[in-house]
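# Residue-level structural notes
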Amino acid sequence: MRKPKNLSYENAVWADEVLQQIRTQLRDRSGGDTLVLHHLRRRIVKNLGYDEKSTPYERKKLKQRKMIEQGGICAICKNPLPERGYLAVLDREVAHLGYTDANVRLIHRDCDIQVQEERGFA
Ligand SMILES: [Zn+2]
């Protein structure tokens, strides 16, 4: 196994073991019912996602606070942000610090794509 970029080898091995235990438990709990397995798996994935990214409601409220704090201006291009919808996105300064007031800025989706490309993520 190659060494992961951001995780020690020991932690990667531990995480893989936990994942395998979860898979075994999901299989046992669902008893071969693929629909039950699907919903159990979705529930775990969804809630782990919220642990990392907060709930949609929490992100929506954070977006509203940032819109007010930034005076409706994109933190990158300094042009007005759209009032609603998915064209304005929260950008974390440090990904592992999560979606907090201190760690995010509100920017245009297009500006986000540009930043991601510059960071080499896209
Ligand atoms: Zn912008």
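Here is a short report on the structure shown in this document.

### Some words on the environment of S54
Looking at where S54 falls in the secondary structure, it is placed in the loop between α2 (34-53) and α3 (56-69). Since its relative accessible area comes to 15%, S54 is described here as buried. Spatially, the C-alpha atom of S54 lies 16 Å from that of E93, the residues being 39 residues apart in sequence. Once residues lying within four places of it in the same chain are set aside, the contact partners of S54 are G49, R59 and Y99.

### Some thoughts on the coordination of the zinc ion
Each protein donor to the zinc ion is listed here as C74 (SG), C77 (SG), H108 (ND1) and C111 (SG); together their distances run 2.1 to 2.4 Å. The site at the zinc ion holds four donor atoms, and with the angles between them running 95 to 122°, its shape is tetrahedral. Each donor residue of the zinc ion lies on the same chain, and together they follow the pattern C-x2-C-x30-H-x2-C. Linking C77 in the loop between α3 and β1 (88-92) with C111 in helix α4 (residues 109-119), this pair joins segments that are 34 residues apart in sequence. You can call C111 buried: its relative accessible area is 10%.

### Focus: the packing of helix α1 (residues 9-30) against α2
Packed helix pairs are specified by the crossing angle of their axes together with the interaxial distance, meaning the distance between the axes. One can describe the packing of α1 onto α2 by two numbers: an axis separation of 9 Å at closest approach and a directional angle of 140°. Regarding the angle of α1 to α2, the classification is oblique. The way α1 lies across α2 gives a crossing that is right-handed. Here I22, L26, R27, R29 and S30 of α1 come into contact with α2, specifically with V36, L37, L40, R41 and I44.

Basis of the calculations
- Residues take numbers from 1 onward in each chain, read along the sequence in its written order.
- Side-chain atom pairs in this predicted model are given and counted only at pLDDT of 80 or more, local residue features only at pLDDT of at least 70, and totals for whole chains, interfaces and linings cover all residues.
- For side-chain calculations, the full set of non-hydrogen atoms in the structure is used, while hydrogens and water are omitted.
- Per the convention used, a helix needs a DSSP run of H or I reaching at least four residues, while a strand needs a run of E reaching at least two, with both numbered from the N terminus.
- When accessible area is computed with a 1.4 Å probe and restricted to protein chains, residues below 20% of their type maximum are described as buried, those above 50% as exposed, and intermediate ones as partly exposed.
- Contacts are assigned to residue pairs with any non-hydrogen atoms lying within 4.5 Å of each other.
- For Na, K and Ca the donor cut-off is 3.2 Å; for every other metal, N, O and S atoms count as donors within 2.8 Å. Water does not enter the count, which can leave sites looking incomplete.
- Geometry is assigned from donor-metal-donor angles: four donors are tetrahedral when every angle falls between 85 and 135 degrees, four are square planar and six octahedral when opposite donors sit over 155 degrees apart with all other angles between 65 and 115, and any other arrangement is irregular.
- Lines fitted to C-alpha atoms define the axes, with helix axes restricted to the stretch in contact, and inter-axis angles between N-to-C directions lie between 0 and 180 degrees.
- Under this scheme an angle from 65 to 115 degrees is roughly perpendicular, one under 35 degrees roughly parallel, and one over 145 degrees roughly antiparallel; angles in between are oblique.
- Handedness of a crossing follows from how the near helix is turned relative to the far one, being left-handed for an anticlockwise turn of less than a right angle and right-handed for a clockwise one.

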